[in-house]
Amino acid sequence: MSKEVSELVITRLKAERRAWRTDHPHGFVAKPTTKEDGTVDLLKWVCEIPGPQGCPWEEGTYTLHMDFSHDYPMKPPKCQFKPVLPHPNVYPSGTVCLSILNEEEDWKSSITVKQILLGIQKLLKDEPNIESPAQYEPCNQYKNNRQEYLKKAREFAASLKKQPQ
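Residues numbered from 1 in each chain as written. Predicted model: local features only at pLDDT ≥ 70, side-chain atom pairs only at ≥ 80, totals over all residues. Heavy atoms only, no water.

**Thoughts on the layout of surface pockets**
Argument step 1. For the largest pocket, the calculated volume is near 320 Å³.
Argument step 2. Around the largest pocket sit 19 residues that line it, and C97, L98, S99, E105 and S132 are the ones nearest its centre. (1 Å grid on protein atoms, 1.4 Å probe; cavity = no way out; pocket = protein on both sides within 12 Å on 5 of 7 lines; lining within 4 Å. Points joined across faces, edges and corners; volume = space filled by probe spheres on them.)

Structure, rendered in structure tokens:
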């Protein structure tokens, strides 16, 4: 890794953090983690995405880990739900399958953290892309037993309901 690339990555992530602090959607959280030595790790963020209104996921608040590589913003961050969502477009590892997170599809270096998180929330709101399934069981359920899929999604969402503070 060259120093120049590293500077670019850090500069961009600091700008992302400033932009997020000034303007972010209600209910969302996105912040870098803290290393064991107490310093901020700009390459690893923990985010929270509120379930979108009017869908089976609406009750939950979903924790997403965003890992930025040394090639960011030329390559997208890896976005992984923990715990893993039982959703057709989320891999068993929790990694989100979404075109804007794929450098061979719709990723552009200008896409922001805010746009990524809103895009992932939209993935939960919209019909799953069953042409590009990442998890067999939820996809199969969605296609063959929609009511059971919706019931499981609602139950999962209810288990991740954020308690008022």
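**Quick notes on helix α3 (residues 136–144)**
Argument step 1. By the burial criterion, the buried members of α3 are P138, C139, Q141 and Y142. Along the long axis of α3, the arc covered by the buried residues comes to 165 degrees, so they all point the same way. Along α3, exposed side chains directed more than 90 degrees from the buried face belong to Y136 and N144.
Argument step 2. Close packing links the buried residues of α3 with α4 (146–159). (Buried < 20%, exposed > 50% of the residue type's maximum accessible area, 1.4 Å probe, protein only. Helix = DSSP H or I, 4+ residues; strand = E, 2+ residues; numbered from the N terminus. Arc of directions from axis to C-beta. Contact = heavy atoms within 4.5 Å.)

**A closer look at the side chain of Q121**
Argument step 1. Along the chain, Q121 turns up in helix α2 (residues 113–125).
Argument step 2. For Q121, a relative accessible area of 17% corresponds to the buried category.
Argument step 3. Non-local contacts of Q121, meaning those with residues more than four positions away in its chain, are made with F28, I49, P50, G51 and P52.

**What to know about the environment of E58**
Argument step 1. Its place among the elements puts E58 in the loop between β2 (40–50) and β3 (61–67).
Argument step 2. When the C-alpha positions of E58 and E131 are compared, they lie 24 Å apart, and in sequence the two are 73 residues distant.
Argument step 3. Residues within four places of E58 in sequence aside, it is in contact with G51, P52 and Q53.
Argument step 4. A distance of 3.2 Å separates a polar atom in the side chain of E58 from the backbone nitrogen of G54. (Polar contact = N/O pair within 3.5 Å; in protein donor to acceptor, adjacent residues only side chain to side chain.)

**A few points about the UniProt feature "active site" (unreviewed entry) in the protein chain**
Argument step 1. Under the UniProt annotation, "active site" (unreviewed entry) lies at C97.
Argument step 2. You can see C97 is positioned in the loop between β4 (78–81) and α2.
Argument step 3. Contacts of C97, omitting those with residues within four sequence positions, involve N89, Y91, L123, S132 and A134. (UniProt positions renumbered as here; feature names shortened; annotations may be inferred.)

**Topic: the pairing of β3**
If a strand is regular, its side chains alternate between the two faces of the sheet.
Argument step 1. Two strands pair when backbone bridges link them, and β2 and β3 are joined in this way by 7 bridges, in the antiparallel orientation. Residue pairing across strands places C47 opposite L64, the latter belonging to β3. (Pairing = 2+ DSSP bridges.)

**Notes on the sheet that holds β3**
Argument step 1. Strands sit in the order β1-β2-β3-β4 across an open sheet of 4 strands; the sheet is antiparallel. Strand pairing shows two members of the sheet lacking a second neighbour, β1 (29–34) and β4, which therefore form its edges. Looking at each pair of strands side by side, their axes are set apart by 30 degrees on average, direction ignored.
Argument step 2. Two elements, β3 and β4, share 4 bridges in a ladder whose sense is antiparallel. Among the inter-strand pairings, H65 is bridged to a residue of β4, identified as Q80. (Axes fitted to C-alpha atoms, helices over the stretch in contact; angles between N-to-C directions.)

**Re α4**
Argument step 1. Across its 14 residues, α4 extends 20 Å between first and last C-alpha, which sits within 8% of the 20 Å expected from 1.5 Å per residue.
Argument step 2. Y149, L150, A153, F156 and A157 are the residues of α4 that are buried. Down the axis of α4, the smallest arc covering the buried residues is 125 degrees, so these residues share one side. Seen from the buried face of α4, the exposed residues on the opposite side, beyond 90 degrees, are Q147 and S159.
Argument step 3. Turning to α4, the residues buried within the fold contact β3 and α3. (Expected span 1.5 Å × (residues − 1).)

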